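Residues per chain are reported as follows:
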2 protein chains.
Amino acid sequence: MREVVIIGAGIHEFGRYSDRDYRYMGSIAVKRALDDAKIKLKDIEAAFCGNVFNTTCTGHNVLATIGMTGIPIVNVENACASGGSAFRQAYHSIASGQYDVVLAMGVEQSPRGFLPGAGWEDWQSTTGLGVNPLYFALNIRRHMEEYGITAEHLAKVSEKNHRNGVNNPYAMYHKEFSVEEILNSRMVCDPLTLLMLCAPDDGAAAVVLCSKEKAAQYTGKFVNVAASVLIVQKRADMFMPAVSAPVSADYPTLTERAAAKAYEMAGLGPEDLDLVELQDTDSGSEIIYTERLGLCPKGEGGRLLDEGATEIGGRIPVNVSGGLLSKGEPVGASSLAQVSEIVWQLRGEAGPRQVKNAKVGLSHTEGAGGNSNIIILKR
Amino acid sequence: MREVVIIGAGIHEFGRYSDRDYRYMGSIAVKRALDDAKIKLKDIEAAFCGNVFNTTCTGHNVLATIGMTGIPIVNVENACASGGSAFRQAYHSIASGQYDVVLAMGVEQSPRGFLPGAGWEDWQSTTGLGVNPLYFALNIRRHMEEYGITAEHLAKVSEKNHRNGVNNPYAMYHKEFSVEEILNSRMVCDPLTLLMLCAPDDGAAAVVLCSKEKAAQYTGKFVNVAASVLIVQKRADMFMPAVSAPVSADYPTLTERAAAKAYEMAGLGPEDLDLVELQDTDSGSEIIYTERLGLCPKGEGGRLLDEGATEIGGRIPVNVSGGLLSKGEPVGASSLAQVSEIVWQLRGEAGPRQVKNAKVGLSHTEGAGGNSNIIILKR
């Protein structure tokens, strides 16, 4: 397997748009990534596009607006992990020697209104358990009971991420909310209020991957891909443990298994990370995933937060981009926006949200289908 | 690149079903492919699933009905070439040394009623040019004007394929139609009548790919993958030439480019083929593609048909399975059903539709997005 690096990244601002479509947003993200890499579209040998809700041949339609060069384009759909799965296909196509320069892109124009959960058993859907906020709430409620997490903890996660997002030009909200405002916003699924949940929205992101041996001819500013892992649930390993069949207390969760594999692939541990972008679809998930990624022992996610460890200046900054809570979640694009953020952080170009001397960063997306996608980048 | 073989294939009967869903159909195709390969689901290391119209994480949902083993599953969408693109990802994941045993599956429960074309310019959609039968009709009408193809030729293609399909237990129609019946069926887009067009329908297909070095431990009945190619259109190379911008008369079409690349990869030429399964979405396309795949010189597709060369006993049998005209087209699955047919033909197990002593077969799918997918298998 050859070494793979990222030579460029670009995002179209996340938000809810009525004046542009996925083609336009995707083309902007791709053009920005190409400009960042200082290459032309004709230098790209293949493209993988993550998308869930839009049309047939989404990636083809995006590239058709800026120039079809005849390269193979493959559209990838893996729910919240779609962008990460597109990244992984691009990564392997270079690591294996098939190509040298490959585009991983993701785009989403989310449907408005109710979004059904995907991949659930019929009994889960018909009883309403397959609806996202509900199982998020069940998961964190159990965690609160077991480990003393409080509603204030949940509000503090959201307060932090919205505060970080103010400094991210690609975030949707761009607005700070106080712990009180978050606690007092409308209750959606107890204990999660409206401002503790991320919003499905629109956006696009793209990164250019390159074999390390060819990267120098384009740029000196590359970032190394240390790990790219996709783990899918086993039948006895549902990622909604509160409502699933009994799971052994000692059996690793989906994220724990993905993290173990990613750390092994990278030859790094959680103690080596300088920042983490993780799947904060809701405040509770951020607390749970900080534990499952090994940033702190099990049950200590609340204490990690209380100590300020996950702040930009803390021991292990989490979601310095503002996370999904501030950016929203255009599912096809979100993973590649995490990757873009880490690329800029490792290059020291993140401006007011820069983590000092960041050398290693981890991107984590997890979602329907039971996909957990982890990418580790290092300087 | 390592050598890759196919050790098993399975199809769920194509048709229009109201009593079963894509999960069930997919699970039947996968179980049949596993049984054919004499392996268990736990032996599979990764899966790629082609699907266009169904749900988020289609492949995950199919496998969840027969057992989630924790392997990475990636859903692939490339319009009519979705199944072929899933095959290609599986092929490369083994050829590169990443895995040894990989499942390529495709499934579709097609929406009923009007299916819009995908990947067209706005002006094409709004003028109705992006609707499938219309540009099929424009393409073959131009061909008729230039090369003397007649409506009888079109009817004869459909007559042949329906006659072949009677002997294929996986085909939808299972019924012969006379040239007169086909000519006299309802006119859809002149010159194409209803029985000259394929029907979108439901179905599933799966094949198990394996590294050649590991195949012997499972079966002696493997078939070699000689080529797996995905070509995407260039901007000046629309696959609907009759309505697109001027194209140089000497510039190769999408299928011509894909075929050239596939023949080069396989080290074989059209003269080495014993059978071809190609994208007969309509009778005209079969005539055009026989030329573009090099089975006869340009403009001689009608003569090839008149001579009986594309019959099961002919020089180069085309769509001995019945093709899309008899099977219908469940887009996520159709390419993998072509591959399954060729596998059985090369193993001499195709019963009354067997091509004698078949050693090399070619699968061709092409469609929206400007994808052309070619797979060449040899004994």
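Just above, that's the structure.
How each quantity is defined
- Residues numbered from 1 in each chain as written.
- Chains lettered and ligands numbered in written order.
- Predicted model: local features only at pLDDT ≥ 70, side-chain atom pairs only at ≥ 80, totals over all residues.
- Heavy atoms only, no water.
- Helix = DSSP H or I, 4+ residues; strand = E, 2+ residues; numbered from the N terminus.
- Rg over C-alpha atoms; globule rule 2.2 N^0.38 Å.
- Buried < 20%, exposed > 50% of the residue type's maximum accessible area, 1.4 Å probe, protein only.
- Contact = heavy atoms within 4.5 Å.
- Areas by Shrake-Rupley, 256 points an atom, 1.4 Å probe, with all protein chains shown as cover.
- Lys, Arg positive; Asp, Glu negative; His and termini not counted.
- Charge placed at Lys NZ, Arg CZ, Asp CG, Glu CD.
- Core = buried A, V, L, I, M, F, W, Y, C linked by side-chain atoms within 4.5 Å.
- Least-squares fit on C-alpha atoms with pLDDT ≥ 70 in both.
- Polar contact = N/O pair within 3.5 Å; in protein donor to acceptor, adjacent residues only side chain to side chain.
- Salt bridge = Lys/Arg side-chain N within 4 Å of Asp/Glu carboxyl O.
- Pairing = 2+ DSSP bridges.
- Buried area = accessible area lost by both parts, 1.4 Å probe.
- Nonpolar A, V, L, I, M, F, W, Y, C, P; charged D, E, K, R; others polar.

Enquirer: Which residues make up the overall build of chain A, and what are the values?
Expert: Looking only at helices and strands, chain A features 13 helices and 11 strands. Relative to a compact globule of 379 residues, whose C-alpha radius of gyration would be 21 Å, chain A shows 19 Å and is just as compact. For the C-alpha atoms alone, the extent of chain A along its principal axes is close to 55 × 40 × 40 Å. Counting over 379 residues, chain A shows a buried share of 66%. Taking the intrachain contacts of chain A between residues at least 6 apart in sequence as the baseline, contacts between residues at least 24 apart amount to 77%. Surface accessibility of chain A: about 12,700 Å² in total, with carbon and sulfur atoms responsible for 51%. On chain A, the mean spot of the 36 positive side-chain charges and the mean spot of the 44 negative ones are 5 Å from each other.

Enquirer: How would you explain the nonpolar core if you had to name every residue and give the values?
Expert: Core analysis: the biggest nonpolar cluster contains 109 residues, and Phe87(A), Leu209(A), Leu377(A), Phe87(B), Val208(B), Leu209(B) and Leu377(B) have the highest contact counts within it. With eight residues, the top contributor of residues to this core is helix α13 (residues 331–346) of chain B. Not counting the four nearest positions on each side in its chain, Leu209(A) is found in contact with Val4(A), Val5(A), Ile6(A), Phe87(A), Ala90(A), Tyr91(A), Ile94(A), Asp100(A), Val101(A), Val102(A) and Ala104(A). One finds Ala33(A), Ala37(A), Leu41(A) and Val232(B) within the second-largest nonpolar core, a separate group that totals 31 residues.

Enquirer: Kindly report on the relation of the copies chain A and chain B, identifying the contributing residues and their values.
Expert: When chain A is brought onto chain B, the operation consists of a screw motion whose angular component is 180° and whose axial shift is 0.0 Å, with 0.0 Å RMSD remaining. Such a combination of turn and shift is consistent with a two-fold rotation axis. By residue overlap, the copies meet face to face through one surface: 100% of the interface positions of chain A are interface positions in chain B.

Enquirer: Which residues make up the environment of Asp280(B), and what values go with them?
Expert: Residues and elements named next belong to chain B. Inspection of the secondary structure puts Asp-280 in the loop between β9 (275–277) and α10 (283–292). The exposure class assigned to Asp-280 is buried, which follows from its relative accessible area of 0%. Counting along the chain gives 59 residues from Asp-280 to Val-339, while the straight-line C-alpha distance between them is 15 Å. There is a polar contact of 2.8 Å between the side chain of Asp-280 and the side chain of Asn-161.

Enquirer: So what's going on with the pattern of salt bridges? Residues and values would help.
Expert: All names here are of chain A. Scanning the model with the defined rule gives 42 salt bridges over all chains in all. A salt bridge links Asp-36 to Arg-347; its shortest N-O distance comes to 2.8 Å. Separated by 311 residues along the polypeptide, Asp-36 in helix α1 (residues 22–37) and Arg-347 in the loop between α13 (334–346) and β10 (360–367) bring together distant segments of the chain. Across this residue pair, the class does not change: Asp-36 and Arg-347 are buried. Across the pair Asp-306 and Lys-156 runs a salt bridge, and its minimum N-O distance is 2.7 Å. Of this pair, Asp-306 sits in helix α11 (residues 301–306) while Lys-156 is found in helix α6 (residues 151–165), placing the two residues 150 residues apart along the sequence. Residue Lys-156 is classed as partly exposed on the basis of its relative accessible area of 30%. The network of salt bridges with shared partners includes Arg-2, Asp-100, Glu-213 and Lys-214.

Enquirer: Break down unusual backbone geometry for me, with residues and values.
Expert: All names here are of chain A. For the bond running from Asp-190 to Pro-191, omega is 15°, close enough to zero to count as cis. Positionally, Pro-191 belongs in the loop between β5 (187–189) and β6 (192–193). A positive phi is found at Lys-38, a non-glycine position, where the angle reads about 55°. Following the sequence through the fold, Lys-38 ends up in the loop between α1 and β2 (46–50).

Enquirer: Explain the pairing of strand β1 (residues 4–15) of chain A to me, and be specific about the residues and the numbers.
Expert: Residues and elements named next belong to chain A. When you tally the buried positions in β1, you get 11 out of 12 residues, the bulk of the element. Bridge analysis of β1 against strand β7 (residues 202–211) gives nine bridges, and the strand direction is antiparallel. When the sheet's bridge partners are listed, His-12 is paired in β7 with Ala-204. Inspection of the sheet shows β1 paired to strand β8 (residues 223–232) by two bridges, in the antiparallel sense.

Enquirer: Break down the side chain of Asp100(B) for me, citing the residues and quoting the values.
Expert: Residue and element names in this part refer to chain B. Mapped onto the elements of the fold, Asp-100 is located in the loop between α3 (82–95) and β4 (101–109). Polar side-chain contacts of Asp-100 include one of 2.7 Å to the side chain of Ser-211. Not counting residues up to four positions away in its chain, the partners in contact with Asp-100 are Arg-2, Glu-45, Ile-94, Leu-209, Cys-210, Ser-211 and Lys-214.

Enquirer: Explain the interface of chain A and chain B to me, and be specific about the residues and the numbers.
Expert: Size of an interface: often given as the accessible area lost when the parts come together. Contacts between chain A and chain B engage 40 residues on the former and 40 residues on the latter. For the chain A and chain B pair, buried surface summed over both sides reaches about 3,200 Å², with 52% attributable to carbon and sulfur atoms. Summed over the shared surface of chain A and chain B, the result is zero salt bridges. Counting across the interface, chain A meets chain B through 14 residue pairs in polar contact (both at pLDDT 80 or more). Breaking the side of chain A that touches chain B down by element, the ones donating at least two residues are α2 (58–64), β3 (73–77), α3 (82–95) and β8 of chain A. Sorting elements by how many residues they give to the side of chain A that touches chain B places β3(A) first, with five residues. When its residues are assigned to classes, the side of chain A that touches chain B shows 17 nonpolar, 17 polar and six charged. In terms of strand pairing, β3(A) meets strand β3 (residues 73–77) of chain B through three bridges, oriented antiparallel.

Geometry only, nothing functional implied.
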